[in-house]
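Commentary on secondary and tertiary structure
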Amino acid sequence: MEYSFGPLICESSKILILGSLPGVRSLAEGRYYAHPRNLFWPLIYGQWQMKPPESFDERYRFILEHELALWDVIGCARREGSLDGNIRDERPNDIPSLLRGHPSLSLILFNGAYAFAKYKKYFGEPDIPYRKLLSTSPACAGRDRERELMWRGALSLAGEA
């Protein structure tokens, strides 16, 4: 079994970004979005016209300072490789409890269709506003401009959420 990480969140977090399950590289390093070709960090930092630092501690601090939160829909599963399509025997994280425990969360951003589909399977439609975005995974090649515009539009809500 592979296990996701705990949520990265603070009391002032307003936007919850949900992935599916960390990939092989992220699990090996014990860090969210650790694969160098994953576009997550460049898209997040790009929203503020910045480049991501090497330090994941700095990246996590940045997430929290910008009132964002990270977690995964799937808490544990069997999977060969990093592809979401290979996930089997999954069990979800208790996202409803996280949302109840953090009433400041007012928007969910789904990092890919798979994360959204699994959320809906286990919890139904979210009770708060949400957006389903193109995945930042290197497995989701192409559509780079469309992905960038989607993420920029969603992250622009950070100040409004």
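An account of the accompanying structure is given in this report.

Analysis parameters
Residues numbered from 1 in each chain as written. Predicted model: local features only at pLDDT ≥ 70, side-chain atom pairs only at ≥ 80, totals over all residues. Heavy atoms only, no water. Salt bridge = Lys/Arg side-chain N within 4 Å of Asp/Glu carboxyl O. Buried < 20%, exposed > 50% of the residue type's maximum accessible area, 1.4 Å probe, protein only. Phe/Tyr/Trp six-rings, centres within 6.5 Å; stacked < 30°, edge-to-face > 60°. Helix = DSSP H or I, 4+ residues; strand = E, 2+ residues; numbered from the N terminus. Lys NZ or Arg CZ within 6 Å of the ring centre and 35° of its normal.

**Some details on the pattern of salt bridges**
For the structure on display, the rule yields eleven salt bridges. The closest approach of N and O atoms between Arg-31 and Glu-29, which form a salt bridge, is 3.6 Å. Residue classification places Arg-31 among the partly exposed residues on the basis of a relative accessible area of 34%. Of the charged contacts in the structure, one is a salt bridge between Glu-125 and Lys-120, with a shortest N-O distance of 3.2 Å. You can call Lys-120 partly exposed: its relative accessible area is 38%. Salt bridges linked by common partners bring Arg-25, Glu-29 and Arg-31 together as one network.

**Comments concerning the packing of aromatic side chains**
All told, the structure shown has 17 aromatic pairs when counted by the stated rule. Look at Trp-48 and Phe-62: their rings are 5.5 Å apart centre to centre, the planes differ by 85 degrees, and that puts the pair in the edge-to-face class. Of this pair, Trp-48 sits in the loop between α2 (40-46) and α3 (56-65) while Phe-62 sits in helix α3; the two residues are 14 residues apart in sequence, bridging distant segments of the chain. Classification of Phe-62 by relative accessible area gives buried; the value is 6%. When the ring of Phe-110 is compared with that of Tyr-119, the centres are 5.3 Å apart and the planes differ by 65 degrees; the resulting orientation is edge-to-face. Judged by relative accessible area, Tyr-119 falls into the buried class, the value being 4%. Grouping aromatic residues by their ring pairs yields a cluster made of Phe-5, Tyr-32, Tyr-33, Phe-40, Trp-41, Phe-56, Tyr-60 and Trp-151. Of note, Arg-59 hangs over the ring of Phe-56, and the distance from its end group to the ring centre comes to 4.4 Å.

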